[in-house]
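# Breakdown of the fold
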Amino acid sequence: MWRLARSNIAAHLSSLIGTIVVVALAAAVLSAAGVLIESGVRAPRPTDGTGDASLLTVLAGSFIGTASVVVILVVAATVSLAMRPRQRDLAVLRALGATRRQVRRMVAAELLLLTAVVAPLGALPGLAAARLTTPLLTDAGIVPPGFSLTLSPLPVLGAVVVLAPVAVAAAFLATRETLRLPPTAAVTATLAEPREVGRTRRVLAAVTAVGGLAAAGTPLVVPGTIGGATAASSALLLVAAAALAGPVLVAWALGSSGRAGTGRRRPVTRLAFANTRGFSRRLTAVIVPLAAVIAVGTVQTSTGDALGDAATQQLSDGLQADLVVTAPDGLDDEEIAWIQDLPEVDSTTALAAVPARVRTDDEEIAGLEGLSWEPYQLRVLPLGGPDASYDPDVVAGSLDDLDDAGSIAVSSDARFTIGHGMGDTVAVQLAGGETTELRVVAVYDRGLGFGDYTLGEATLAEHRLDRPVDTVLVSSGAPDTVAGGLRDLGLETVSQQGYVESATAAGEGQQRLSAVLLLALLGFMLVGAANALVMLTAGRRGERALLGRIGLTRPQQVRLALVESAITATAAIVIGTLAVVPAVLGVSLGLLGPVVPVLDVTTYGVLVGLVVLVSVACSVPAAARR
């Protein structure tokens, strides 16, 4: 069987080039994410509580979740296109006496062998690319200076484990129609492409679509970043549903639009609609990656904007100070006394912050204990609690109870994440690495703006930790006079709005890192889509030659390719847009309430332009070279 698999790969190498390219790139993406996860798990925790590299695990886990779904969609579409020209060969084998099981084993062996060879080779550049992200990770504050990523064979092995079953399953689906027909009928069926899909595929498409719509509404029930991330995943689920039901949807849509105004269309346009409608299955394999580009890129950036707007709104609503004194290096007791002694100052609230790790999962896996802990910056309130200028919207308990040592307040988001509420205990590792159990005494709603966890000075004192005050909220009837007096004392002040903007704005390093990760993912998707279009165009050489022999001129063939490219791009844009809408509505309504949905129009417009460009650039030149 393996010797036959090698022979088949060698005989059909030209048609498998696209699959080889996509599998190699997919392995590179997965292995790079695997390096980040492994490095975060293996990294020792600094005893001073700073530079906690376990943030890598959170970052890579979020990235690899989206990347895995994208890889499955792109690889499945590419393998499906690669196997489609071989359906007639498989039908002939069936007619010559090969059983369905033998054909499936042959196809599985080919794809397993190809993945086993190509994926490790493709994963190696991924390992190198991961190391190139170290400066970005350092600038973003995710790892300390001098940090080195861990390199091992595990990410390579993980990429192979993920890709092998995906490739085999895609090949099985591509050959399923041929194998379930009688041998002689299968040979005849390969001459025309069936438009219908089986009942199982219809059911899966319906279930996936319902799941996508349900995920889009998650922020209405689940608060904060978890709800936002789940809603963002709905776009991929809806694209996957379109992939499952694609042949039916494409044939129906093109059939309806093709019949409308048939008499007013030129022959080339009617031929383009007939071509795309008649070969809706192969067109679906091209449309899905293009639609995913629009869906993933737009939803990722729009969700990030919505989370930023929600954090800004929460902090603006809950922070009622007239003036804010900031000191990244900390304020001593004398400087705080200066602020409080100014005659125009009505009240002050001194705030500090302490780095810590919180156990978010009570069940720890041997050897992977680090996955159960996440790093946070915990806000520290003064004894006696804050004044009215600091309002995180407490919904249970009281912040005054933070005066008791061994207590903690959590946000509604954090309560949902860790599953602990009022009266429960939360495991926290403060500076020094010692684990302590803190009792939840308050729950507040504005976690995006005020942070997920809040301590009191008494808890720090119990653990003999001293964190200098870095922020002082000042209430005054004459903020301009107070600001002038504080500047004379050499203290930096900002308005309440200025503080909100600086506190919620992502740092330049984090922005660059997010942009690089998203561009890497979109780049892979665009290459996969372009590769699918090239494979589809190359498989139509005989069709173009036949059109030329029956009288279609080169300009007509170019116009035909342009119309087909426009149809492909339009279908991808429509599907991608329809996948984006529920996610954007759910995220905006759940995080911001009944407001105008947050949509990154710039990113959406750029991605639509790229989809059109790729559709035209990968199809029209081949027609022009006839």
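Please refer to the structure higher up on the page.
Residues numbered from 1 in each chain as written. Predicted model: local features only at pLDDT ≥ 70, side-chain atom pairs only at ≥ 80, totals over all residues. Heavy atoms only, no water.

### Regarding the overall build of the chain
The condition is simple: Only runs of H or I of at least four residues qualify as helices and only runs of E of at least two qualify as strands under DSSP, and these elements are numbered from the N terminus. For every residue, the accessible area (1.4 Å probe, protein chains only) is compared with the maximum for its type, and the residue is labelled buried under 20%, exposed over 50%, or partly exposed between those bounds. Any two residues having at least one pair of non-hydrogen atoms within 4.5 Å are treated as being in contact. In this description, accessible areas are obtained by the Shrake-Rupley approach with a 1.4 Å probe, and a residue is regarded as covered only by the protein chains that are shown.
A count of helical and extended segments in the chain gives 24 helices and 10 strands. Taken across its 626 residues, the chain has 51% of its residues classed as buried. Residue pairs in contact within the chain that sit at least 24 positions apart in sequence constitute 82% of those at least 6 positions apart. When the accessible area of the chain is evaluated, it comes to approximately 27,600 Å², of which 60% is carbon and sulfur surface.

### Focus: a negative patch on the surface
Note the cut-off: Patch rule: a residue counts if its relative accessible area is over 30% and it has no salt bridge; like charges are joined within 9 Å, and nonpolar side chains (Val, Leu, Ile, Met, Phe, Trp, Tyr) within 5 Å. Whenever Lys or Arg places a side-chain nitrogen within 4 Å of a carboxyl oxygen from Asp or Glu, that contact is recorded as a salt bridge. Only four residue types enter the charge count: Lys and Arg as positive, Asp and Glu as negative, with His and the chain ends excluded. For charged residues, the charge sits on one atom: NZ in Lys, CZ in Arg, CG in Asp, CD in Glu.
A cluster of like negative charges, contributed by Asp400, Asp401, Asp403, Asp404 and Glu457, occupies part of the molecular surface. Tracing the backbone through its elements, the reader meets Asp404 in the loop between strand S4 (394-397) and strand S5 (407-411). Overall, the relative accessible area of 40% leaves Asp404 in the partly exposed class.

### With respect to the packing of aromatic side chains
Condition: Ring pairs shown here join Phe, Tyr and Trp side chains whose ring centres sit within 6.5 Å, with only the six-membered ring taken for Trp; geometry is labelled stacked below 30 degrees between planes, edge-to-face above 60, and tilted in between.
Under the definition given, this model contains 2 aromatic pairs. Between Tyr376 and Tyr453, the ring centres sit 4.9 Å apart and the planes meet at 75 degrees, which makes this aromatic pair edge-to-face. Placement of the pair is Tyr376 in strand S3 (residues 373-381) and Tyr453 in strand S8 (residues 453-456), with a sequence separation of 77 residues. Across the pair, Tyr453 and Tyr376 agree in class, each one buried. Geometrically, the ring pair formed by Tyr390 and Phe450 is edge-to-face, given 5.0 Å between the ring centres and 85 degrees between the ring planes.

### Concerning the nonpolar core
Note the threshold: Only buried residues count toward a nonpolar core, which is a set of Ala, Val, Leu, Ile, Met, Phe, Trp, Tyr and Cys residues joined through side-chain atoms within 4.5 Å.
In terms of nonpolar packing, the biggest core is built from 102 residues, with Leu163, Phe524 and Met525 touching the most fellow members. Met525 has contacts with Val70, Pro289, Ala292, Val293 and Val296, leaving out every residue within four places of it along the chain. Listed in part, the 22 residues of the second largest apolar core include Ala356, Val358, Leu378 and Leu430.

### With respect to the packing of helix H4 (residues 87-95) against helix H5 (residues 100-132)
So the rule is basically this: All axes here are fitted lines through C-alpha atoms, helices being fitted over the stretch that makes contact, and every angle between N-to-C directions spans 0 to 180 degrees. Each helix crossing is assigned a hand: it is left-handed if the near helix lies turned anticlockwise from the far helix by less than a right angle, otherwise right-handed if that turn is clockwise. Just so you know the grouping, Ala, Val, Leu, Ile, Met, Phe, Trp, Tyr, Cys and Pro go in nonpolar, Asp, Glu, Lys and Arg go in charged, and all remaining residues, Gly too, go in polar.
Closest axis-to-axis distance for the H4/H5 pair is 10 Å, and the angle between their directions is 145 degrees. Every pair of crossing elements has a handedness; the one defined by H4 and H5 is right-handed. Facing H4, whose interface residues are Leu90, Leu93 and Arg94, H5 presents Arg100, Val103, Met106 and Val107. Residue composition of the contact of H4 with H5, grouped by class: 5 nonpolar, no polar and 2 charged.

### A look at helix H23 (residues 601-617)
Note the following rule: A helix's residues, less one, multiplied by 1.5 Å, set its expected span. This arc is taken over the directions from the axis of the helix to the C-beta atoms.
Over its 17 residues, H23 runs 24 Å from end to end, which matches the ideal 24 Å to within 8%, given 1.5 Å per residue. Buried within H23 we find Thr603, Leu607, Val608, Val611, Val614 and Ser615. What you see down the axis of H23 is that its buried residues fit within an arc of 135 degrees, all on one side. Those residues of H23 that are exposed and aimed more than 90 degrees away from the buried face are Val601, Thr602 and Leu613.

### Brief notes about helix H22 (residues 554-592)
The terminal C-alpha atoms of H22, which comprises 39 residues, lie 55 Å apart, in line with the 57 Å expected from a rise of 1.5 Å per residue. Taken from the residues just after H22, Gly593 is the one with a positive phi, measuring 85 degrees.

### Some details on the side chain of Arg379
Stated precisely, the cut-off is as follows: In the analysis that follows, any N or O atom pair within 3.5 Å is treated as a polar contact, provided that within protein one partner can donate a hydrogen and the other can accept it, and provided that, for residues neighboring in sequence, both atoms belong to side chains.
Here Arg379 shows up in strand S3. Here the side chain of Arg379 touches Asp470 through a polar contact of 3.4 Å, side chain to side chain. When near neighbours in sequence (up to four residues on either side) are disregarded, Arg379 contacts Leu351, Ala352, Ala353, Tyr390, Tyr453, Thr454, Leu455, Asp470, Thr471 and Tyr499.

### Details of the pattern of salt bridges
Following the criterion strictly, the structure yields 3 salt bridges and no others. Note that Arg379 is salt-bridged to Asp470, the shortest N-O span being 3.4 Å. Here Arg379 is found in strand S3, whereas its partner Asp470 is found in strand S9 (residues 469-476), with 91 residues between them in sequence. One exposure class covers both Arg379 and Asp470, and it is buried.

### Quick word on the side chain of Ser475
Of note, Ser475 is situated in strand S9. With relative accessibility at 13%, the residue Ser475 sits in the buried group. Dropping the residues within four chain positions of it, Ser475 is found in contact with Asp322, Val345, Asp346, Ser347, Asp387 and Ser389.

### Structural notes on the packing of helix H2 (residues 13-42) against H5
Test applied: Angles are sorted into four bins: roughly parallel if under 35 degrees, roughly antiparallel if over 145, roughly perpendicular if 65 to 115, and oblique for all others.
Running from amino to carboxyl end, H2 crosses H5 at an angle of 45 degrees, the nearest separation of the two axes being 6 Å. As far as their axial angle goes, H5 and H2 are oblique. Where H2 crosses over H5, the two elements pack in a sense that is right-handed. For the pair formed by H2 and H5, the contact residues are Leu16, Thr19, Ile20, Val23, Ala24, Ala27, Ala28, Ser31, Ala32 and Val35 on the first element and Leu114, Val118, Ala119, Gly122, Ala123, Gly126, Leu127 and Ala130 on the second. In the contact of H2 with H5, the residues fall into 14 nonpolar, 4 polar and no charged.

### Comments concerning the pairing of strand S6 (residues 425-429)
Short version of the rule: DSSP calls a pair of strands paired once it identifies at least 2 bridges connecting them.
Buried residues dominate S6, accounting for 4 of its 5 residues. Looking at chain direction, strand S2 (residues 345-359) and S6 are connected through 2 bridges and run antiparallel. From the neighbouring strand, Arg357 faces S6, where its bridge partner is Gln429. Alignment of S6 against strand S7 (residues 435-444), held across 5 bridges, turns out to be antiparallel. Bridge assignment links Thr425 to a residue of S7, and that residue is Arg439.

### Some words on the environment of Val268
Note on placement: Val268 falls in helix H12 (residues 267-278). On the basis of relative accessibility, which here comes to 12%, the residue Val268 falls in the buried class. With sequence-adjacent residues up to four places away left out, Val268 is seen in contact with Gln556, Arg559 and Leu560.

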